[in-house]
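# Inside the fold
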Amino acid sequence: MNVVVLASGRGSNLRAVLEAVEAGRCGVSVTAVVSDRESAAALELAQARGIDTRVVSPKGYRDRAAWDEALAHLVLSFEPRLVVLAGFMRIVGPSMLAAFPGRIINVHPALLPAFPGMDAPLQAVRARVSLSGCTVHIVDAGVDTGPILAQAAVPILPDDDAESLHARIQRAEHRLLPGVLDAIARGLFELGDTPRFVGPCSSDDAMLAWPPVLPSAP
Ligand code: GRF
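Residues numbered from 1 in each chain as written. Predicted model: local features only at pLDDT ≥ 70, side-chain atom pairs only at ≥ 80, totals over all residues. Heavy atoms only, no water.

### So, the packing of aromatic side chains
- Enumeration according to the criterion identifies two aromatic pairs in this entry.
- On the numbers, 6.2 Å between centres and 15° between planes, the contact of Trp67 with Phe88 is stacked. Taken together, the residues Trp67 in helix H3 (residues 64-77) and Phe88 in the loop between strand E4 (82-85) and helix H4 (94-99) connect sequence positions 21 residues apart. For the pair Trp67 and Phe88, one class covers both residues: buried.
- Look at Phe189 and Phe197: their rings are 5.2 Å apart centre to centre, the planes differ by 65°, and that puts the pair in the edge-to-face class.
- Look at Phe189 and you get buried, because its relative accessible area is 6%.
- On the accessibility criterion, Phe197 (19% relative accessible area) is buried. (Phe/Tyr/Trp six-rings, centres within 6.5 Å; stacked < 30°, edge-to-face > 60°. Helix = DSSP H or I, 4+ residues; strand = E, 2+ residues; numbered from the N terminus. Buried < 20%, exposed > 50% of the residue type's maximum accessible area, 1.4 Å probe, protein only.)

Take a look at the structure:
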């Protein structure tokens, strides 16, 4: 299953996907990594593995719509089955959504619908909740509002700040995202408007991740 990954930052989720692919735990092929920022470390990660990289900076376009259209045009040229937002810090617009209906997925560092938007770990620490986690969901026109595919929970410890919580959440992301991609590649998710997991599982299968798509899930 060909995927294009969009990333703006350090790319630890991209690294997790690439390492899972190399280890035979994630049946996808990352055909290109596209960023909105030339300095994104994710680009170097991809280049080191011989993966095609491109930058589509909003600075080069007259407005957001023109940037979104150029991004859609570029990503379409790689003919991916799925587009993965892995730390992509911009909201994709109507051109991207029309080019890949129900086929753009995002990883968010909270148990949506709690704590959408920016600084989700900080929001969770401030709310004094005792569990947070990560969500892989389909991207729609809202901010972190699309249908949820899978979630994994982590505890919030008494001494946590946003940084330590985010580090713990990222360890969960690094297992959840490759697991979900592999499950999609194996046909264990029906995508579309109301995606659902159609793989084998029972309500006893997983305590901290649902559905149990993680390679090491019980
Ligand atoms: C992740 O925590 C992800 O949930 C959020 O942005 C962060 C990206 O981290 N959308 P990285 O660049 O993959 O390390």
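So much for the structure itself; the text now carries on.
### Some thoughts on the sheet that holds strand E10 (residues 209-210)
- As summarised here, the arrangement of the eight strands in space is E3-E2-E1-E4-E5-E6-E7-E10, forming an open sheet in which the pairing is mixed. Pairing within the sheet leaves two strands with one partner each, and these edge strands are strand E3 (52-55) and E10.
- As defined by bridge partners, strand E5 (residues 104-108) adjoins strand E6 (residues 131-138) across four bridges and the pair is classed as antiparallel. By the bridge assignment, Val107 is partnered in E6 with Val136.
- Sheet strands touched by helix H2 (residues 41-48): strand E2 (29-35) and E3. Its angle to E3, the strand with the most contacts, is close to 155°. (Pairing = 2+ DSSP bridges. Contact = heavy atoms within 4.5 Å. Axes fitted to C-alpha atoms, helices over the stretch in contact; angles between N-to-C directions.)

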